[in-house]
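Letter by letter, the chains look like this.
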Amino acid sequence: MKSSSAFPRVMLQIVMIVIAILFMAPFYFLLVNSVKSLGDILTNAASWPETWVWSNYANAWRITRFTEAFGNSLVITIAGILLIALFSAMAAYRMVRSNTLLNRIQFTLFVAAMVVPFQSIMIPLLQVIKGLGINNSIPGLILCYLGLGVPLAIFLLHGFVKSIPLEMEEAALVDGAKPYVVFWRIVIPLLQPMLVTVIILNCLWIWNDYLLPSLVLQSQHLRTIPIATFAFFGQYTKQWDLALPTLVLGITPILLFFLSLQKYIVEGITSGSVKG
Amino acid sequence: MSRKKRGAFLQQLVYTGPVSIFFILVILVPFAMGMYYSFTNWNGISGEVDWVGFENFRTIFMQDNAFRTAFWFTVRFTVASVILTNLVGFSLAYVLTRPLKGRNVLRTLFFMPNVIGGLLLGFIWQFIFVKGFATLGEITGLAFFQLPWLGDEPTGFWAIVIVFVWQSAGYLMVIYIASINNVSREVLEAASIDGASRWQVLRSIILPLIMPAVTVCLFLTISWSFKMFDLNLSLTKGGPFRSTESLALNIYVESFQNNKYGLGTAKALLFFIVVATVTLFQVRLTKSKEVEA
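Note that the structure is a prediction, hence the values are computed from the model and not measured.

A few words now on the confidence of the model for chain B. The predicted coordinates of low-pLDDT regions are not to be read in fine detail. Residues and elements named next belong to chain B. Of the residues in chain B, 98% reach a pLDDT of 70 or more, and the chain-wide mean stands at 89. When the elements of chain B are averaged for pLDDT, helix 8 (residues 185-193) gives the smallest value, 86, and helix 3 (residues 65-96) the largest, 95. Complex prediction metrics read pTM 0.91 and ipTM 0.90.

Rendered as structure tokens:
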């Protein structure tokens, strides 16, 4: 082991840096060309911009109605993650603490549902949504996310509740606390690490999802960022001077989210996958 | 007593009622309806739904060339991307668990593509393949960059594999790093005192001890790549001439562009059976290879 320390370590360091640069190269192409004129992009896509065409961004913002799309994505994602976390925590808690046949069957069904691909239910799901009269609405979409999101969330939280000792809840009950207060004041805070995992996994999924919202939401004013981006590419093919700023706008919110919360995200993914 | 029972029933209702309703409306009922529709000729628009028995399945197996192409495309894609993503993800993790300078920054960079959705990544890479590679080809003269990227089946296939690996390797890296860090120091030190080479340590100690992580990573990559849709839609749209169409995209096209909902749900049912079988089989297989330290 000793012989392999000094020189190869420097080599390895350099190799990793080179790989990292290659890995990041697509972002260079994206950013640099997003501020060029179409002519400059077509002549040389690798060069530094000669003139900086910031109006590309203003145009992209206007065409994709970015403010609206961003708002829709935000509302859908926040409502989705909070409701999934809350309802899954309630159900997982009950399923662990009350070990009845009904609850065991329910839990088995939720676990089994995790292998059902979305394509296998999407067509009839749209029928159900239309039948309920909530097609083409944000609440209708959120209902779909709740149904699709709770199985994994319950699975993760179920395992976590099992590791929480009963004593604290029992002590609180003896002191005269109501069962719902015990859940809200004692169980929820104890579940926090796994709730963070659930929220992060669902946040990345819902924010980036294209297929489901594209099927449920038809109105232009309900578009999310992925739908607005797709619609843009359908309309303006090869207009790279507008397409690239659109893409930069589209990825910026989630990248900022990641960079500011990366510690939690990485931890969340680790504990979410060890269970799965 | 009956008051207590009522209380318990009420609590059951409050705690598990909401998720049961979501589950029934969004998964259970659609899944059952899908099974029924797959034996009909429903076109999604008219109210007319006729029972056709196994006709849809006969069509899929006997006449549907596009489905057969999509099936083999998906199988080849899954094999290539599962192997490559795990190799890259594990190698990054293996190197970045050693004391390198700036390894936390490197970990962040390698993970970053993963938080961006497949649809937007596909569009970004469409530009890279079409314009970026063309420019690099002119500058470097390398044949690799001068291929007709996204213009024919082989380059379309490998383009999607490249983007998939680029997107997913960081996620696996995170899982493998956590797992490698769990391998006990004492075991590794004992091995190096006994004169084991780095390769022997990797093969005979690290790999067997991180098999739980391998199970998870194989499960994730198989199910992601089998269900791959967004990248396909934004990179090649299945073209040219439906040669790079994944199963998920094939089902989508059949249902929403050809308006053959009956046929689409039949394909979706087969898709479910294949996905469930493959993932369960894989978990069984790798679970049997896990060892205790």
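There's plenty left to go through after this.
Turning to the nonpolar core, a few remarks are in order. Counting 152 residues, the largest nonpolar core has Leu157(A), Met173(B) and Tyr176(B) as its most contacted members. Formed jointly, this core draws a minimum of three residues from each of two domains, domain 1 (2-58) and domain 2 (65-235) of chain A. The contact partners of Met173(B), leaving out residues within four places of it in the chain, are Gly89(B), Leu92(B), Ala93(B), Phe110(B) and Phe111(B).

What follows deals with the interface of chain A and chain B. How big an interface is tends to be expressed through the accessible area that disappears when the partners come together. Every contact between the two is made by 67 residues of chain A and, on the other side, 66 residues of chain B. Per-element tally for the side of chain A that touches chain B: the top contributor is helix 12 (residues 240-275) of chain A, with 13 residues.

Right, let's get into the domain arrangement of chain A. Here chain A is described as being made up of domain 1 (2-58) and domain 2 (65-235). One C-alpha centre belongs to domain 1 of chain A, the other to domain 2 of chain A; they are set 38 Å apart.

A few words on helix 6 (residues 122-131) of chain A. With seven of 10 residues buried, helix 6 of chain A lies mostly within the body of the structure. Within helix 6 of chain A the residues assigned to the buried category are Met122(A), Ile123(A), Pro124(A), Leu125(A), Leu126(A), Val128(A) and Ile129(A). The elements touched by buried residues of helix 6 of chain A are helix 7 (138-162) and helix 10 (211-216) of chain A together with helix 1 (2-37), helix 12 (247-257) and helix 13 (261-287) of chain B. Of the residues one or two after helix 6 of chain A, Gly133(A) is the one with positive phi, at around 75 degrees.

Below, the discussion takes up the packing of helix 1 of chain B against helix 13 of chain B. Residue and element names in this part refer to chain B. It is at 8 Å that the axes of helix 1 and helix 13 come closest, and there the two elements cross at 115 degrees. The element helix 1 and its partner helix 13 pack so that their crossing is left-handed. Mapping the contact onto sequence places Gly34, Met35 and Tyr37 in helix 1 and Tyr261, Gly262, Thr265, Ala268 and Leu269 in helix 13. Counted by class, the contact of helix 1 with helix 13 contains five nonpolar, three polar and no charged residues.

All names here are of chain B. In this fold, threonine 215 is placed in helix 10 (residues 211-226). Note on threonine 215: 20 C-beta atoms within 10 Å, which makes it buried. When the C-alpha atoms of threonine 215 and threonine 59 are compared, they prove to be 36 Å apart, with 156 residues separating the residues in sequence. Beyond its immediate sequence surroundings of up to four residues, threonine 215 is in contact with Val283, Thr286, Lys287 and Glu290.

What follows is about the confidence of the model for chain A. For chain A, the average pLDDT comes to 90, and 96% of its residues sit at 70 or higher. The lowest-confidence element of chain A is helix 2 (residues 38-43) of chain A, averaging 85 in pLDDT; the highest-confidence one is helix 4 (residues 66-97) of chain A, averaging 96.

All names here are of chain A. In this structure, arginine 65 takes a positive phi of about 50 degrees despite not being glycine. Position of arginine 65 relative to the elements: it lies in the loop between helix 3 (55-63) and helix 4. Since 16 C-beta atoms lie within 10 Å of it, arginine 65 is described here as partly exposed.

Rules and cut-offs
Here the residue numbering is sequential within each chain, running from 1 through the sequence in written order. In the order they appear in the text, chains get letters beginning with A and ligands get numbers beginning with 1. Local features in this predicted model are restricted to residues whose pLDDT is 70 or higher, and side-chain atom pairs enter the listing and the counts only when it is 80 or higher, whereas totals over whole chains, interfaces and linings include all residues. Each residue carries a pLDDT value, the predictor's own confidence for that position, ranging from 0 to 100. The helix and strand labels rest on DSSP assignments: H or I over at least four residues marks a helix, E over at least two residues marks a strand, and numbering proceeds from the N terminus. Each nonpolar core consists of buried Ala, Val, Leu, Ile, Met, Phe, Trp, Tyr and Cys residues. Their C-beta atoms, within 7 Å, join them into a set. Using C-beta atoms placed from the backbone, we call a residue buried if 20 or more other C-beta atoms fall within 10 Å of its own, exposed if 12 or fewer do, and partly exposed for counts in between. Each domain's limits were defined by an automated method or a database of domain assignments. Throughout, a pair of residues is in contact if the C-beta atoms placed from their backbones lie within 7 Å. Angles run from 0 to 180 degrees between N-to-C directions of axes, and those axes are lines fitted to C-alpha atoms, restricted for helices to the stretch in contact. In this scheme the crossing of two helices becomes right-handed for a clockwise turn of the near helix relative to the far one and left-handed for an anticlockwise turn of less than a right angle. Here the nonpolar group is Ala, Val, Leu, Ile, Met, Phe, Trp, Tyr, Cys and Pro; Asp, Glu, Lys and Arg are the charged ones; every other residue, Gly included, is treated as polar.

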